[in-house]
Amino acid sequence: MTGVESRDCTVAIGRHLHEEISVTILESSLNCSAGEVLLFSGRMMWRTGCRKLPLSLINSRTNTLIVKQRVVLPGNGVILQYNSRTATKKYYQDCDQQLFGPHGEIMTPVQLPDGRQEVVCRTFITVAPRQRIAIRALNADLGPGDNHTHFNYILVRDVSTMRTVVFHGKQQFLWQSTGSQAEIEFHENVKDHRTHFWAEYQAIEPK
């Protein structure tokens, strides 16, 4: 991330759900006094730094990591090396899914073999930095839409703002994120065989 003309530079790193990412900072020419900084963010961590960066080791704890660099002087920046390994702690459910790329399909999670209903299944979506995510529900049948006392709903979260929206029943919708990451939670009865959800997502340009 050196020699970049843009003041802000962002790199997204993604791996399989059962892996975590470690980043080593090999070189840094950031000018801390000028306000230049490096930011690491993930689902379970957030860290900024500038001083004493070389040879620092950053662990994401999850399978995705966003690295943002802000420089003031042209040519300044850092050189990073990243690796992935099996996560030391399982932070996901077996029914969770990770989706990468500019477009794809979102389906009702596969029922767990033991039939447990207390598990919340999630779908994580990550697109290229600076892009946003548009989710269009094409076929939704989550059970009776007027009975909100039962946990037959999905929750869509905008990761950059942590704003969430809940959808019930047979409601079809078009939802857009403000950043490049989104999460969908399928709650309780959504995993029952009587419910169904099918949607498409697409990466869109920022406003």
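Above this text sits the structure in question.
Notes on the structure in this doc start here. Quantities reported herein were computed from a predicted structural model and do not represent experimental measurements.

With respect to topology, 3 strands assemble into an open sheet ordered β5-β2-β7, the strand pairing being antiparallel. Among the strands making up the open sheet, the edge pair consists of β5 (57-59) and β7 (78-86). Pairs of neighbouring strands in the sheet enclose a mean axial angle of 20 degrees, with direction left out of account. Here 3 bridges tie strand β2 (residues 19-28) to β5, and the two strands are oriented antiparallel to one another. Residue pairing for β5: Val23 is matched across the bridge by Ile58.

By the secondary structure assignment, Asn83 is in strand β7. Given the relative accessible area of 41%, Asn83 is considered partly exposed. Excluding residues within four positions of it along the chain, Asn83 makes contact with Glu20, Ile21 and Ser22.

Counting 21 residues, the largest nonpolar core has Ile106, Ile125, Ile135 and Phe197 as its most contacted members. Secondary structure elements with two or more residues in this core: β11 (132-141), β12 (152-158), β15 (181-188) and β16 (196-204). If we skip the residues at most four places from it in the chain, Phe197 touches Ile106, Met107, Thr108, Ala137, Asn139, Ala140, Leu142, Ile154, Phe173 and Phe186. With 15 residues, the next largest nonpolar core counts Val23, Met45, Leu65 and Val78 among its residues.

A few words now on the pattern of salt bridges. A complete count under the given rule lists 7 salt bridges for this structure. The partner of Asp94 in a salt bridge is Lys90, and the shortest N-O contact between them spans 2.6 Å. Note that Arg122 and Asp96 form a salt bridge whose closest N and O atoms lie 2.9 Å from each other. Of this pair, Arg122 sits in strand β10 (residues 121-126) while Asp96 sits in the loop between β7 and β8 (97-100), and the two are 26 residues apart along the sequence. Asp96 matches Arg122 in its accessibility class, with the two residues each being buried. Put simply, Arg157, Glu183 and Glu185 are held in one network by salt bridges that share partners.

With that out of the way, let us pick up the sheet that holds strand β3 (residues 37-41). Spatially, 4 strands are ordered β1-β6-β3-β4 in an open sheet, and the strand pairing comes out antiparallel. Every interior strand has two partners, whereas the edge strands, β1 (8-14) and β4 (46-49), have only one. Strand-to-strand twist in this sheet, taken as the mean axis angle between neighbours without regard to direction, amounts to 15 degrees. The pairing of β1 with strand β6 (residues 64-70) spans 7 bridges and is antiparallel. By the bridge assignment for β6, Val11 is matched with Val67.

Further remarks concern the packing of aromatic side chains. Applying the stated criterion across every chain, the model contains 4 aromatic pairs. Taken together, a centroid distance of 5.5 Å and an interplanar angle of 80 degrees make the contact between Tyr91 and Tyr92 edge-to-face. Geometrically, the ring pair formed by Phe167 and Phe173 is stacked, given 3.7 Å between the ring centres and 10 degrees between the ring planes. Both residues of the pair, Phe167 and Phe173, belong to the buried class. These aromatic residues form a ring-pair network of at least three members: Phe167, Phe173, Phe186 and Phe197. In this structure, Arg43 is placed above the aromatic ring of Phe124, and the distance from its NZ or CZ to the ring centre is 3.9 Å.

Reading the values: the criteria
- Residues numbered from 1 in each chain as written.
- Predicted model: local features only at pLDDT ≥ 70, side-chain atom pairs only at ≥ 80, totals over all residues.
- Heavy atoms only, no water.
- Pairing = 2+ DSSP bridges.
- Helix = DSSP H or I, 4+ residues; strand = E, 2+ residues; numbered from the N terminus.
- Axes fitted to C-alpha atoms, helices over the stretch in contact; angles between N-to-C directions.
- Buried < 20%, exposed > 50% of the residue type's maximum accessible area, 1.4 Å probe, protein only.
- Contact = heavy atoms within 4.5 Å.
- Core = buried A, V, L, I, M, F, W, Y, C linked by side-chain atoms within 4.5 Å.
- Salt bridge = Lys/Arg side-chain N within 4 Å of Asp/Glu carboxyl O.
- Phe/Tyr/Trp six-rings, centres within 6.5 Å; stacked < 30°, edge-to-face > 60°.
- Lys NZ or Arg CZ within 6 Å of the ring centre and 35° of its normal.

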